[in-house]
Structures are given as C-alpha cells and as structure tokens.
Amino acid sequence: MRSVDAYLADILATVRPLAPLELELERALGTTLAEDVSSPVPLPPFDNSAMDGYAVRAEDVPGTLPVIDDVAAGSDELRAVGPGHAVRIMTGAPMPAGADSVVPVEWTDGGTVSVQINRDVPVGNAIRRAGEDVQAGEVVLKAGTVIGPAQLGIIAGVGRRRVWVRPQPRVVVISTGAELVEPGAPLARGQIWDSNSYTLTAAVREAGAEGFRAGSVGDDPAVLLDQLDTHLVRADAIITSGGVSMGAYEPVKEALAPLGTVRFEKVAMQPGMPQGFGVLGDDRVPIFALPGNPVSSFVSFMLFVRPALDKMRGLPTDTSRTVTAYVTGSLRSPAGRRSYLRGVLASDGTVSPVHGQGSHQLAALASANALIVVPEDVTEVPGGSSVEVIRL
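Residues numbered from 1 in each chain as written. Predicted model: local features only at pLDDT ≥ 70, side-chain atom pairs only at ≥ 80, totals over all residues. Heavy atoms only, no water.

Summarising the element assignment, V252 is placed in helix α5 (residues 251-256). Note on V252: relative accessible area 0%, which makes it buried. Along the backbone, V252 and F264 are twelve residues apart, and their C-alpha atoms lie at a distance of 9.8 Å. When near neighbours in sequence (up to four residues on either side) are disregarded, V252 contacts T176, L224, T240, G242, G243, V244, A257, F264 and A289. (Helix = DSSP H or I, 4+ residues; strand = E, 2+ residues; numbered from the N terminus. Buried < 20%, exposed > 50% of the residue type's maximum accessible area, 1.4 Å probe, protein only. Contact = heavy atoms within 4.5 Å.)

Moving on to the layout of surface pockets. The volume enclosed by the largest pocket comes to roughly 520 Å³. L303, T319, S320, R321 and I390 are the residues nearest the centre of the largest pocket, which is lined by 21 residues in total. For the lining of the largest pocket, the secondary structure elements donating two or more residues are α1 (4-14), α6 (294-312), β24 (338-345) and β28 (386-391). With five residues, the top contributor of residues to the lining of the largest pocket is α1. The space that makes up the second largest pocket amounts to roughly 420 Å³. Around the second largest pocket, the lining comprises 28 residues; the ones closest to its centre are E179, G242, P291, G292 and N293. Those elements that provide at least two residues to the lining of the second largest pocket are β13 (170-176), β15 (192-193) and α6. Looking at the lining of the second largest pocket residue by residue, the class counts come to ten nonpolar, 14 polar and four charged. (1 Å grid on protein atoms, 1.4 Å probe; cavity = no way out; pocket = protein on both sides within 12 Å on 5 of 7 lines; lining within 4 Å. Points joined across faces, edges and corners; volume = space filled by probe spheres on them. Nonpolar A, V, L, I, M, F, W, Y, C, P; charged D, E, K, R; others polar.)

Let us look at the side chain of E250. Following the sequence through the fold, E250 ends up in the loop between β17 (237-241) and α5. Of the side chains with opposite charge, K253 comes closest to the buried, unpaired E250, at an N-O distance of 7.5 Å. Setting aside its immediate chain neighbours within four residues, E250 contacts G243, V244 and S245. (Lys, Arg positive; Asp, Glu negative; His and termini not counted. Salt bridge = Lys/Arg side-chain N within 4 Å of Asp/Glu carboxyl O.)

Turning next to the sheet that holds strand β16 (residues 210-217). With mixed pairing, the six strands of this open sheet are ordered in space as β16-β13-β17-β21-β20-β18. Both outer strands of the open sheet, β16 and β18 (262-266), are each paired with one neighbouring strand and no more. Each strand of the sheet is rotated relative to its neighbour by a mean of 15°, with strand direction disregarded. With five bridges connecting them, β18 and strand β20 (residues 274-280) associate as antiparallel partners. Residue K266 lies in a different strand from β20, and its bridge partner there is P274. Across the sheet, helix α4 (residues 221-232) lies against β13, β16, β17, β20 and β21 (285-290), angled at about 170° from β13, the strand it touches most. Helix-sheet contacts for α6 involve β13, β17, β20 and β21, and the interaxial angle to β21 is about 165°. (Pairing = 2+ DSSP bridges. Axes fitted to C-alpha atoms, helices over the stretch in contact; angles between N-to-C directions.)

Further remarks concern the packing of aromatic side chains. Here the structure, examined in full by the defined rule, presents two aromatic pairs. Taking 5.1 Å as the distance between ring centres and 45° as the angle between the ring planes, the aromatic pair formed by F277 and F288 counts as tilted. On the criterion of sequence distance, the pair formed by F277 in strand β20 and F288 in strand β21 is long-range, its members being eleven residues apart. Its relative accessible area of 2% is what places F288 among the buried residues. (Phe/Tyr/Trp six-rings, centres within 6.5 Å; stacked < 30°, edge-to-face > 60°.)

Here the focus is α6. Over its 19 residues, α6 extends 25 Å from the first C-alpha to the last, a length consistent with the 27 Å expected when each residue adds 1.5 Å. Of the residues one or two after α6, G314 is the one with positive phi, at around 85°. (Expected span 1.5 Å × (residues − 1).)

So, on to the nonpolar core. Formed by 37 residues in total, the largest nonpolar core has its most connected members in I239, F288, F301, F304 and Y340. Looking at this core, the elements that each hand over two or more residues are α1, β13, α3 (196-206), β17, β21, α6 and β26 (370-374). It is α6 that provides the largest number of residues to this core, a total of eleven residues. Residues in contact with Y340, not counting those within four places in the same chain, are V4, M269, Q270, P271, V299, L303, L371, I372, V373 and I390. Within the second largest apolar cluster, 18 residues are counted, among which are V172, A235, I238 and I287. (Core = buried A, V, L, I, M, F, W, Y, C linked by side-chain atoms within 4.5 Å.)

One open sheet holds the three strands; their spatial order is β1-β12-β2, and the pairing between them is antiparallel. A strand with exactly one partner marks an edge of an open sheet, and here the two such strands are β1 (21-24) and β2 (32-33). Pairing of β1 with strand β12 (residues 162-166) involves four bridges; the strand directions are antiparallel. Within β12, the residue paired with L23 across the bridge is V163.

Position of R57 among the secondary structure elements: in the loop between β5 (53-56) and β6 (63-71). R57 sits in the buried class, given a relative accessible area of 18%. Apart from the residues lying within four places of it in its own chain, the contact partners of R57 are G82, P83, G84, G98 and D100.

Where α3 meets α6, the axes come as close as 10 Å, and the angle between the chain directions of the two elements is 25°. Judged by the angle between their axes, α3 and α6 are roughly parallel. Judged by the sense of rotation from one axis to the other, the crossing of α3 with α6 is right-handed. Across from N196, T199, L200, A203, V204 and E206 in α3, the residues of α6 making contact are P294, S297, F298, F301 and R306. Looking at the contact of α3 with α6 residue by residue, the classes come out as six nonpolar, three polar and two charged. (Parallel < 35°, antiparallel > 145°, perpendicular 65-115°, else oblique. Left-handed = near helix turned anticlockwise from the far one by under 90°.)

This brings us to the environment of R263. With respect to the helices and strands, the residue R263 is situated in strand β18. Residue classification places R263 among the exposed residues on the basis of a relative accessible area of 53%. Put simply, R263 and V279 are 16 residues apart on the chain and 9.4 Å apart in space, counted from C-alpha to C-alpha. Setting aside chain neighbours within four positions, we find R263 in contact with R2, Q275, G276 and F277. Here the side chain of R263 touches E265 through a polar contact of 3.4 Å, side chain to side chain. (Polar contact = N/O pair within 3.5 Å; in protein donor to acceptor, adjacent residues only side chain to side chain.)

Written out as structure tokens, the structure is:
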C-alpha cells in the first residue's frame with residue numbers, strides 16, 4: 001500500500017496552477033490574483049472631511065462664526081476659509097483652503113447663516129489626509145491573494161476595471177452505482193439515495209472552486225466514458241465516487257484502467273483505502289476516483305482533492321493543517337494504516353470521538369467538525385492523550 005503522504009505528493013506533482021486570464025471585476029470574486037495591484041494615485045486623493053460639520057481654522061473656535069459657503073461631496077469648486085469664518089462641509093467633501101480642522105455638526109447649533117461652536121478642536125480634527133490610506137504607486141494587493149469582497153473593493157478603489165487572476169477551477173462531480181437514485185425519488189428494494197454527488201459538489205464550492213454536479217451513472221463503463229467525454233470540454237478537474245474497489249461491477253476502474261493514464265492503488269489509510277488518480281484527454285485534466293462509501297469519499301476529498309484545488313488556484317498547498325487537541329476517550333486504529341476518526345473539537349482544546357466510525361455512517365460525519373489523525377504505527381490512543389486534528 002502507498003502511504004498517504006506519497007500518494008498526495010504524486011497528485012501535487014501532477015496538477016498545475018490554472019493559466020491566468022483577465023476578468024472584469026464582477027467576475028473576479030473567489031479567484032486568485034495573478035498580478036500585484038498598485039494604486040496610480042494616493043488614497044484618498046485629496047484632503048477631505050471625515051464628518052458632516054464645519055470647516056474652520058482651529059484657532060477661531062470656540063465662538064460664533066459666520067457661515068460663508070457650503071461644500072458637498074463631489075464638489076470641484078475651489079473654496080477658502082478666511083480668519084473668523086466657517087464653511088459648512090459634508091462627509092467626503094474636499095477641504096477648503098485655509099481650513100485646518102472640521103467641527104462635527106453635533107458640537108454646534110447647526111446654524112446655516114452663523115454657527116455657534118462651544119468647544120475647541122485640535123488642528124486636523126476629522127480630516128482624512130491625502131494618501132493616509134495608500135500612497136501613489138503602493139502595492140495594495142500581492143499576487144496570490146484570494147479576492148474576497150474587501151479585496152474586490154480596493155481593486156475598484158484604485159481605479160481598476162479588469163484584473164489578471166487564476167480562475168476558480170471548474171470541477172465536475174459524478175457518482176457511480178446502479179443502486180443510486182436522486183433524492184426525492186421513491187426507493188425500490190436495494191436502492192439508496194445519492195448523497196455523494198451533493199456532498200462532494202458542496203465541498204468543491206466550499207474549497208473555492210466551481211462545482212458542477214453531473215448526478216449519477218450506473219455500472220456500465222461505456223456509459224461512464226460517454227459522460228466523461230461530455231464533461232471534459234468544460235472541466236478543469238473531475239471527481240468520481242464509487243467503482244474503484246476490488247470486486248465486480250467497478251465501472252470507474254473498468255473504464256479508466258485500460259487508458260493507462262489513471263492509476264488505481266491502495267493507500268494506507270482508514271477510511272478510504274481504494275483510490276484512483278490520473279489525467280484524461282489532450283489537456284490532461286486531473287481525475288480523482290474516490291471510493292464510494294460516503295465518509296471515505298469525503299475524507300479522501302479533504303486529504304487529496306482540496307490540496308490539489310489549492311494548487312490549481314495558485315495557492316500554497318499546506319498539507320499539514322492540523323491542530324493539537326486532547327482526546328476525551330480512548331481510540332483504536334489498525335496497524336499500518338493512518339486513521340482519520342470523526343470527532344467534535346471543543347473550544348477548551350479537547351476532541352471527542354463521535355459515535356459511529358463506519359465509513360458508511362454519514363450521520364456521524366455530519367455531527368463532526370474534525371478528523372482525529374492516528375498515525376500508522378499507533379494502534380491504541382489512551383484517553384487524555386494529545387492528538388493531531390484536522391478541522392472540517
């Protein structure tokens with residue numbers, strides 16, 4: 001059997017970051033920057049008021065001052081404040097020449113002809129200085145940054161309409177098995193509802209990629225190959241579940257093994273020992289052939305697919321994302337395999353194994369928020385021991 005680390009290393013050596021492309025800002029959310037973004041101008045580009053109030057000279061207050069003008073946000077007229085005068089000013093409006101402070105309207109009587117100011121203000125009060133956020137030419141986002149709402153805002157804020165990014169991978173998810181029917185349909189004897197395609201598509205989207213659920217196919221390898229041919233034109237990666245074990249009626253293995261570009265192996269892990277990985281087509285699209293048991297497929301996704309998607313997105317592939325916790329009960333694990341037991345990680349640093357560790361027990365997985373890692377050379381873990389935990 002291959003070790004988990006060796007198997008993952010082969011996957012990461014095969015997948016490649018997606019080629020950059022230039023996108024409109026509206027389409028850039030969730031992508032990864034492929035260029036440094038800098039500002040051509042200082043931000044703010046001019047001194048402006050941080051509040052609604054009155055632009056004054058600090059030395060003229062407190063007292064009653066005549067209001068000689070109004071200045072609104074967006075005004076391009078030149079205005080000035082002389083000694084003993086005030087200009088009513090709105091938030092974001094450019095500061096008039098001569099004024100060195102803004103008195104918030106709450107500190108005044110709100111007058112429009114004259115204004116009574118009852119307290120002094122320091123020089124620079126409520127003024128946003130030009131360049132205090134960003135200097136001209138300063139890099140505001142580096143290549144490799146994932147674009148979220150705030151990052152999208154600063155890209156727009158420095159005047160960019162388009163940006164070079166690595167796109168979100170397009171991942172097609174296919175379940176296999178003659179026993180599978182769509183949720184909502186009635187079950188005949190021997191049938192189960194397809195949960196894997198929903199679980200894995202959601203996991204793809206949560207990992208920052210675009211997930212496309214293609215539903216399920218039966219046990220006919222020819223039908224699976226037709227499905228794969230159909231989806232290869234739009235896929236950056238494909239995930240299948242089921243059909244990779246050692247028994248009969250294993251359509252993924254029967255369809256893909258003869259191609260010579262997909263390998264099926266046993267990985268020293270529990271759950272999820274049978275695995276398949278390789279590439280398809282002229283574009284060498286990665287395909288992840290995961291086991292069919294629901295917990296096995298999900299654990300396999302977290303260990304193997306998610307790091308690969310990170311690399312495709314142009315992100316670091318940190319394969320050791322664990323925290324240390326103290327297990328509340330004893331654990332058992334088979335010799336020679338790395339176990340990933342489902343558990344609940346608490347805020348006090350303890351982790352409790354959930355009841356039901358079978359690879360088919362999806363309800364137990366749904367109640368967990370962590371995977372407890374038991375190394376290959378450990379068969380028993382006493383309660384209270386420190387363990388490594390992967391957050392879900």
